[in-house]
Amino acid sequence: FGQLSLRPQFLNQYIGQTKIKDEIAVYIQAAKQREESLDHVLLYGPPGLGKTTLATVIANELQVNIKTTTGPAIEKPGDLVAILNELEPGDVLFIDEIHRLPKNVEEILYSAMEDFYIDIIVGQDTTAHPVHFPLPPFTLIGATTRAGMLSAPLRARFGILGHMSYYTETELTAIVKRSAEVFDTQIDDQGAHEIARRSRGTPRIANRLLKRVRDFSQVSQKEMIDKEIVDYALKLLRVDEKGLDDNDRKLLRTMILLYNGGPVGLSTIAANIGEETDTIEDVIEPYLLQIGFIKRTPRGRVVTDAAYQHLGLVRTDK
Ligand code: ADE
């Protein structure tokens, strides 16, 4: 306790996502005053933006336990019942990748969320009979990369929706500095800003790059991480000026070289670069869309002029 962890423990240590934080602080205070459980929370947005961290922070602020699981880990209704059965009043149940819950599990969540009970069938054939389980009031926090992937009835049962957005350079700089402090590593302002600028708006990436840069810095016996060592390390890591890595550039190059910049369909791109369509949509594409390197059109994805320029390529059509 009192020790700095890479993951913030409380809202006042959590950097960025100001809109969600300000809102949720009010709902937490109100729920505590009424001695009720916090309403269910859905956090959605690209991977690496701190959804799990925020769920933990919310539980800490509520001073309750958190149970953590993922959608695909809950294979059958009985698995969910076992988890719900262990909750104490007011606890947080965090389900990551909640869009991947099996349908029959999702269906028993409805009454659990709405009225804190579940009805399940116990036994088989002639011994099959319904059992009514009352549950303690609890808070479900669900996380997903895209809210649109949730079924409408499940989405409708979340009272609090939190849209996680990419972090600004200023926020990421603060996160890098905080992490460096946790690592007991010296970093100057320009060094921290350079890592932040090339982290694709994503704390998980910023922290990963910081760790690698710190390795380079340590081995070259530098006292202080500065812009020079960041530039050197990121060059070796093949992270470019915009923070794009090999995967990002492979996707753009494939669209340009094989399809003249598009429009090209998602599954065609996936087949060509050997990635799952989900990985492209949830992990690679969102940041490229954000910085305006690709656009979605009704006929497929297209590469923009800005991306051609960044890659040093020239359009050959027209
Ligand atoms: N580390 C990773 N994400 C963070 C955040 N949002 N605030 C503070 N530290 C973090």
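Starting afresh in each chain, residues are numbered from 1 along the sequence in its written order. In keeping with the predicted nature of the model, local features appear solely for residues at pLDDT of at least 70, side-chain atom pairs appear and are counted solely at 80 or more, and the whole-chain, interface and lining totals rest on all residues.

- Under an unreviewed UniProt entry, the name given to the protein chain is Holliday junction branch migration complex subunit RuvB, and the source organism is Ligilactobacillus araffinosus DSM 20653.
- On record in UniProt, under Catalytic activity (unreviewed entry), the comment for the protein chain is "ATP + H2O = ADP + phosphate + H(+)".
- UniProt positions are given in the numbering used here, feature names are shortened, and annotations may be inferred rather than shown by experiment. Recorded under Subcellular location (unreviewed entry), the UniProt text for the protein chain is reproduced unchanged: "Cytoplasm".

## Considerations on the site of the ligand
Next up, step 1: Nearness between a residue and a molecule or strand is assessed with a C-beta atom placed from the backbone; a distance within 6 Å qualifies. By nearness alone, every residue bordering the ligand is listed as Leu6, Pro8, Tyr14, Ile15, Gly16, Gly50, Thr53, Ile175, Arg178 and Pro203.
Next up, step 2: Each residue is assigned to one of three groups, with Ala, Val, Leu, Ile, Met, Phe, Trp, Tyr, Cys and Pro labelled nonpolar, Asp, Glu, Lys and Arg labelled charged, and all others, Gly among them, labelled polar. Grouping the amino acids of the shell around the ligand by side-chain chemistry returns six nonpolar, three polar and one charged.

## What about unusual backbone geometry?
Of all residues except glycine, most have a negative phi; of all peptide bonds, most are trans.
Next up, step 1: The step from Gly262 to Pro263 runs through a cis peptide bond, and the omega angle for that step is 5°.
Next up, step 2: Located in the positive-phi region is Gln221, a residue other than glycine, with phi close to 55°.
Next up, step 3: Examined against the element boundaries, Gln221 turns out to sit in the loop between helix H8 (203-219) and helix H9 (227-236).
Next up, step 4: Judged by the 6 C-beta atoms lying within 10 Å of it, Gln221 falls in the exposed class. A run of H or I in DSSP counts as a helix once it spans at least four residues, and a run of E counts as a strand once it spans at least two, with each numbered from the N terminus. With C-beta atoms placed from the backbone, a residue is labelled by how many other C-beta atoms lie within 10 Å of its own: buried for 20 or more, exposed for 12 or fewer, partly exposed between the two.

## Observations concerning the sheet that holds strand E1 (residues 41-44)
Next up, step 1: Spatial strand order, E2-E3-E6-E1-E7: five strands in an open sheet with parallel pairing. What marks the edges here is a single partner per strand, and that holds for strand E2 (66-70) and strand E7 (160-163). In this sheet, adjacent strand axes meet at a mean angle of 15° when their direction is disregarded.
Next up, step 2: Strand pairing is defined by DSSP finding a minimum of two bridges between the two strands. Strand direction decides the pairing type here: E2 and strand E3 (residues 92-96), joined by five bridges, are parallel. Looking at the pairing, Lys67 lines up with Leu93 of E3. Fitting a line to C-alpha atoms yields each axis, with helices limited to the stretch in contact; the angle taken between N-to-C directions then spans 0 to 180 degrees.

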